[in-house]
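The chain contents come next:
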Amino acid sequence: MHLVFAAHAKNASLASACRGLMKTAEGEGFACSILSDVDSFSPSDETVIIAVGGDGNFIRTAHIACEHSIPLFGVNCGRIGFLTEWTEESFPEALLRLRAGAYRIEQKSMLSVSVNDEHARDCVNDLLVYKHSFSGVASIALAINGQTVGDLFGDGITVATSTGATGYSLSAGGPIIADGLDAMVVTPICAHTLHFRPIVAAANASVTMTMADRGFLAADGDRFRSVQQNDRITVTRSDRTVPMMTFQTRNLFRLISEKLT
């Protein structure tokens, strides 16, 4: 089995952590390398990619894992590390379970977003539709599966996968999605209308939004394009998935209490 370690290239402490983890894995007989060039990355059937860092790096690495259909797990060296199952201290146990095959691979859903039916972009965690300027209020018309929900007056809307439901959506007042449930979560951000509440929709739902003024889109924390008045934003489930490795049954509610308090 070949273990490929992925960390933020410009972070010296993470680079050092990668070297330490590699030394541990090599001592257990694993072939190891560091992902330095995504464009030339050519994994084999026995490759596992390990995201070293926090949730941000895990999400970036998840896109690589999805692109090459290789399994992924994370080692937390960041502040929260909600998506990363292991730490530097517990990593030797992960290696033991990896060698024993004591894990399962879950295909995690992604979102696909397009504007006016243009080329779609996928995201692992969440999509953010937000107002253009710091001041003022955005007006966003929302429909789900062709049914009108209403107009949101506020800062914006986030649409999250079950994986991303513990991110920005949860901070904005969105619901916790229990493990094993594949869903799409639509959460208003600083809504000025009390009737507009978070919505849990089916994972294969179609969410449509139209802004009354300018705004912008961000996917997995990356602000990637502006939105003009009356542009039609469509969010659906992507055809692609992320193969995430799970080694043990986690208590989601205890994890939220430990990580987010």
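The structure presented is a predicted model; accordingly, all values stated were derived computationally and were not measured.

The rules behind these values
Residues numbered from 1 in each chain as written. Predicted model: local features only at pLDDT ≥ 70, side-chain atom pairs only at ≥ 80, totals over all residues. Heavy atoms only, no water. Helix = DSSP H or I, 4+ residues; strand = E, 2+ residues; numbered from the N terminus. Rg over C-alpha atoms; globule rule 2.2 N^0.38 Å. Buried < 20%, exposed > 50% of the residue type's maximum accessible area, 1.4 Å probe, protein only. Core = buried A, V, L, I, M, F, W, Y, C linked by side-chain atoms within 4.5 Å. Contact = heavy atoms within 4.5 Å.

### Topic: the overall build of the protein chain
Piece 1. A tally of regular secondary structure across the protein chain gives 5 helices and 17 strands.
Piece 2. For 261 residues, the compact-globule estimate of 2.2 N^0.38 gives 18 Å, and the C-alpha radius of gyration of the protein chain, at 19 Å, lies within 12% of that figure.
Piece 3. Reported as C-alpha extents along the three principal axes, the dimensions of the protein chain are approximately 60 × 40 × 30 Å.
Piece 4. Counting over 261 residues, the protein chain shows a buried share of 47%.

### Describing the nonpolar core
Piece 1. In terms of nonpolar packing, the biggest core is built from 26 residues, with Val159, Val207 and Met209 touching the most fellow members.
Piece 2. Those elements that place two or more of their residues in this core are β6 (104–115), β8 (126–131), β9 (138–144), β11 (156–161), β12 (183–189), β14 (207–211), β15 (215–219) and β17 (232–246).
Piece 3. For this core, the element with the highest residue contribution is β9, accounting for 4 residues.
Piece 4. What Met209 contacts, discounting residues up to four positions off in sequence, is Leu127, Val129, Ile140, Ala141, Leu142, Ile157, Val159, Asp231, Arg232, Ile233 and Val235.
Piece 5. Counting 21 residues, the second largest nonpolar core, distinct from the first, contains Leu21, Ala25, Val48 and Phe91.

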